[in-house]
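# Observations on chain architecture
The residues making up each chain are set out below.
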Amino acid sequence: MQNKINDLLKKVGEFSPATMAEIEDFRIKILGKKGELTALFEEFKTLSGEQKKELGKSINELKNKALNKINELKEMLDKGSDDACGEIDMSRPATESAIGTRHPISLVKNEIVGIFSRLGFTTAEGPEVEDDWHVFSALNFPPEHPARDMQDTFFIERNPDILLRTHTSSIQVRVMQNSRPPIRVVCPGRVFRNEAISYRAHCIFHQVEGLYIDEKVSFTDLKQTILYFAKEMFGEETAIRMRPSYFPFTEPSAEVDVSCNLCGGKGCNVCKGTGWLEIMGCGMVDPNVLEACGIDSKKYSGFAFGMGVERIAMLKYGVKDLRLYFENDIRFLKQFEAIY
Ligand code: DAH
């Protein structure tokens, strides 16, 4: 009897089925009414008390092993079919993986840089954490200018000479310090201002600064360059107008408007009935700025301009709330991939 138990133990140990049907056959053959183990138990009943004592433990062990093995095998095959390990349908379409799209601000920034690169402007970048000199002093800001106020600018607490740049004009200072005219450069980048967040203002946004320095650069060059940009960006029919303005770093200074591309200049709620939309500030570089950056203001002159990327993107696509650009809602962001 012990030999029979051992043989059956071996059989159970070696059993390795491929299908559920095989497991069921095996179960019937071993544990079924006419199964081998059932027969062994019948035989067990006929043994003497002494023999029962001797073999009881091993026959029960055999029964448990057989039951466990069958249950384990069933579970394994079940799982296998869930994982599609059993039968794989090679013709099934694969699950699509979502591919990201470029952010609309990056797309518009690239477009701005691209337009100026066709006029021979190269690109320069600079640090976001700057010092007072590059952001204000070199650009002719007087010591008491309100931009130097904590209400407007983020200063580093431990050293108020260090701050987050409030405009990308700081890059033009670095470019002028490090190169000689002719200079033709656009400077894209992120800027920071201590502003409450609303539909039209944010404490972080993007600008593109432009700078052109050479002998005999005039206001006419500035106007023609901006007109070219406006037509490339907003369409051939776009007109521009310049209004006198003030910036410490340019003299004379102007603000540039483009004709409203939504109403064609007739007046609508986007242009508030005026037919014009403001897009940038510009002017002739103040001789003080040229001198501060080591450029001879008697020999050279130049123009500069600066625009907000979010503003250009809002005007171009009729986006009414600036915050949409920062919330990263995929439904908003995805709409721009089709345009480019
Ligand atoms: N830096 C100005 C600003 O942040 C924008 C600007 C205006 C830049 C006139 C210029 C310029 O270069 O000439 O509002």
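Residues numbered from 1 in each chain as written. Predicted model: local features only at pLDDT ≥ 70, side-chain atom pairs only at ≥ 80, totals over all residues. Heavy atoms only, no water.

## Focus on the site of the ligand
Neighbouring the ligand are 15 residues, the closest being His-167, Ser-169, Arg-193, Gln-207 and Glu-209. One of the side-chain nitrogen or oxygen atoms of Arg-193 is found 2.8 Å away from an oxygen atom of the ligand. In isolation the ligand offers 350 Å² of accessible surface; the protein chains occlude 89% of this area. Of the residues contributing to the shell around the ligand, the split by class is 5 nonpolar, 8 polar and 2 charged. (Near = heavy atom within 4 Å. Polar contact = N/O pair within 3.5 Å; in protein donor to acceptor, adjacent residues only side chain to side chain. Areas by Shrake-Rupley, 256 points an atom, 1.4 Å probe, with all protein chains shown as cover. Nonpolar A, V, L, I, M, F, W, Y, C, P; charged D, E, K, R; others polar.)

## Let's talk about the environment of Leu-62
With respect to the helices and strands, Leu-62 occurs in helix H4 (residues 49–82). Through-space distance from the C-alpha of Leu-62 to that of Gly-35 is 13 Å; in sequence the pair is 27 residues apart. The contact partners of Leu-62, leaving out residues within four places of it in the chain, are Ile-5, Leu-8, Leu-9, Val-12, Leu-37 and Leu-40. (Helix = DSSP H or I, 4+ residues; strand = E, 2+ residues; numbered from the N terminus. Contact = heavy atoms within 4.5 Å.)

## Points about helix H1 (residues 2–14)
In an α-helix, one turn spans 3.6 residues, which is why side chains three or four residues apart end up on the same side. Look at H1: 19 Å from first C-alpha to last across 13 residues, which is about the 18 Å you get at 1.5 Å a residue. Every buried residue belonging to H1 is among Ile-5, Leu-8 and Val-12, and all of these are buried. Seen along its axis, H1 keeps its buried residues to an arc of 70°; they face one direction. Exposed and facing more than 90 degrees away from the buried side of H1 are Asn-3, Asp-7, Lys-10, Gly-13 and Glu-14. (Expected span 1.5 Å × (residues − 1). Buried < 20%, exposed > 50% of the residue type's maximum accessible area, 1.4 Å probe, protein only. Arc of directions from axis to C-beta.)

## A closer look at the side chain of Ser-170
Here Ser-170 lies in helix H7 (residues 169–178). For Ser-170, the side chain forms a polar contact with the main-chain oxygen of His-167, separated by 3.3 Å. When near neighbours in sequence (up to four residues on either side) are disregarded, Ser-170 contacts Glu-130, His-134, Val-135, Leu-139 and Arg-165.

## A look at helix H3 (residues 36–45)
By the burial criterion, the buried members of H3 are Leu-37, Leu-40 and Phe-44. For H3, the buried positions fall inside an angular range of 55° around the axis, keeping them on one side.

## Examining the sheet that holds strand E9 (residues 276–285)
Spatial ordering of the open sheet is given by E1-E5-E6-E10-E9-E8-E7, a layout of 7 strands whose pairing is mixed. Taken across any chain shown, the strands that pair with only one partner, and hence form the sheet edges, are strand E1 (122–123) and strand E7 (240–247). In this sheet, strand E8 (residues 250–259) lies alongside E7 in antiparallel orientation, the contact comprising 7 bridges. What sits directly across from Arg-243, in E8, is Glu-255. Packed on one face of the sheet, helix H5 (residues 104–117) meets E1, strand E5 (183–192), strand E6 (204–214) and strand E10 (301–308) and runs near 165° to E5. (Pairing = 2+ DSSP bridges. Axes fitted to C-alpha atoms, helices over the stretch in contact; angles between N-to-C directions.)

## Considerations on unusual backbone geometry
With an omega dihedral of 0°, the bond running from Pro-181 to Pro-182 counts as a cis peptide bond. On the secondary structure map, Pro-182 appears in the loop between H7 and E5. The linkage connecting Glu-251 with the following residue, Pro-252, adopts the cis geometry, with an omega of 0°. Tracing the backbone through its elements, the reader meets Pro-252 in strand E8. If you check the backbone angles, Asn-328 has positive phi at about 60° while not being a glycine. Along the chain, the position of Asn-328 falls in the loop between helix H11 (324–327) and helix H12 (330–333).

## Looking at the pairing of E8
Judged by how many residues are buried, E8 sits mostly within the fold: 8 of 10 residues are covered. Between E7 and E8, which follow one another and run antiparallel, lie 2 residues. As paired elements, E8 and E9 share 8 bridges and run antiparallel to each other. The residue of E9 that forms the bridge with Ser-259 is Trp-276.

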